[in-house]
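Residue-level structural notes
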Amino acid sequence: MSQTAASPALPTIAFIGGGNMASAIIGGLIRQGHPASQTEVVEPWADAREALRKNYGIEAQAEAGPALQRARIVVWAIKPQTFKDAAAQAKAHTQDALHLSVAAGIRSDSIAQWLSTERIVRTMPNTPALVGKGMSALYARPAVDAAERAQVEAIMASTGEYLWVQTEKQLDAVTALSGSGPAYVFYFLEAMTRAGTGMGLTEQQAHQLAVGTFVGASELARRSDEPPAVLRQRVTSKGGTTYAALQSMENDGVGAAFERAMEAARQRADELGNEFGG
């Protein structure tokens, strides 16, 4: 079940990587009262460090150093291909910390080997976290205790909703569904906007109608106890306009193609673990 939670008091948190996802989490935590003074960031890019200073008053460091030692939680918000090298640089300063990884595909076995710790949680968030509407899934290794799970929940609740999965392998499916999912929505929004424009609406009108429809339909699905298939049937009168559109998509194999696309994303998530998790 997805959840949102009230935040317990959190210790000093360090972020390895200060890009969009780190900024989303940092912003959410600060809005919930976590002090910027209890936030360390390692970010090699000067522009990203300046954005952190300007937006949150955080003086990020260009490389890992002794300042990380005061952090009790380390959030790894970096690209999969840079994780191993970053871990080698930070390992000596983070031995006593709980580690939370948001890196796609990198398995906790690899992280445990690189950091010499079993206190690891993996999460797969998505970009709506930037506006507090994220959807994240979490997986904890057995060494993570209940109090540490609660701390992780408090961190991720600052960006939206979360749920726990029982096996790490499920995170590949999560990556394909919700991790990459916002791009699928944007893809359909693009197509709907183009179609609306082609039928005589202005681009602004078509965009507003498309976005509003996604927002409204998603909220209806969220509040309803009925499955999407039933909700779809209720707005589909046989022989009507919606029926014509859905029949066209069915004839074109849109549903099957979409499922194949998600499977491609799942396979790529698995490949990332093999490529960069050695």
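Starting afresh in each chain, residues are numbered from 1 along the sequence in its written order. Where totals are concerned, whole chains, interfaces and linings use all residues; where local detail is concerned, this predicted model gives features only for residues with pLDDT of at least 70, and gives and counts side-chain atom pairs only at 80 or more. To obtain the side-chain values, all non-hydrogen atoms of the structure were used and water was disregarded.

1. Considering the nonpolar core
Residue types Ala, Val, Leu, Ile, Met, Phe, Trp, Tyr and Cys, when buried and joined through side-chain atoms within 4.5 Å, form a set referred to as a nonpolar core. Each residue's exposure class comes from its accessible area (1.4 Å probe, protein chains only) as a fraction of the maximum for that residue type: buried when under 20%, exposed when over 50%, partly exposed otherwise. In this structure, F15, I25 and I155 are the most contacted members of the largest nonpolar core, which totals 31 residues. By definition, any uninterrupted DSSP run of H or I lasting at least four residues is a helix, any uninterrupted run of E lasting at least two residues is a strand, and each is numbered from the N terminus. With 6 residues, the top contributor of residues to this core is helix α1 (residues 20-31). Contact partners of I25, with chain neighbours within four places excluded, come to F15, V75, V102, I155, M156, S158 and T159. Formed by 21 residues, the second largest nonpolar core is a distinct cluster that contains A14, I78, I111 and W114. Only heavy atoms enter the contact rule, under which two residues are in contact if any of them lie within 4.5 Å.

2. Thoughts on the pairing of strand β3 (residues 73-76)
Burial of β3 is two-sided: the residues I73 and V75 facing one way and the residues V74 and W76 facing the other way are all buried. A pair of strands is treated as paired once DSSP finds two or more bridges between them. When strand β1 (residues 13-16) meets β3, the two strands line up parallel, connected through 4 bridges. In the strand pairing of β3, I13 is matched with I73. Across 4 bridges, the pairing between β3 and strand β4 (residues 98-101) is parallel. When the sheet's bridge partners are listed, I73 is paired in β4 with L98. For the handedness criterion, the strands are oriented away from the viewer, and a crossover whose path from the first strand over the helix to the second runs clockwise is classed as right-handed. In this fold, β3 hands off to helix α3 (residues 83-90), which returns the chain to β4; that crossover is right-handed.

3. Let's talk about the confidence of the model for the chain
Confidence scores per residue from the predictor, reported as pLDDT, run from 0 to 100. Residues of the chain with pLDDT of at least 70 account for 97%, and the chain-wide mean is 94. Throughout residues 1-7 the model reports pLDDT below 50, and contacts reaching past four residues in sequence, or to other chains, amount to 16 contacts.

4. Focus on the pattern of salt bridges
A side-chain nitrogen of Lys or Arg and a carboxyl oxygen of Asp or Glu constitute a salt bridge if their distance falls within 4 Å. Taken as a whole and assessed by the stated rule, the structure comprises 16 salt bridges. Between E148 and R119 there is a salt bridge, with its nearest N and O atoms 2.7 Å apart. Linking E148 in helix α5 (residues 146-157) with R119 in the loop between α4 (108-115) and β5 (120-124), this pair joins segments that are 29 residues apart in sequence. For E148, a relative accessible area of 10% gives the class buried. The partly exposed category is assigned to R119, whose relative accessible area is 24%. Here R266 ties to E263 by a salt bridge, and the two come within 2.7 Å at their closest N and O atoms.

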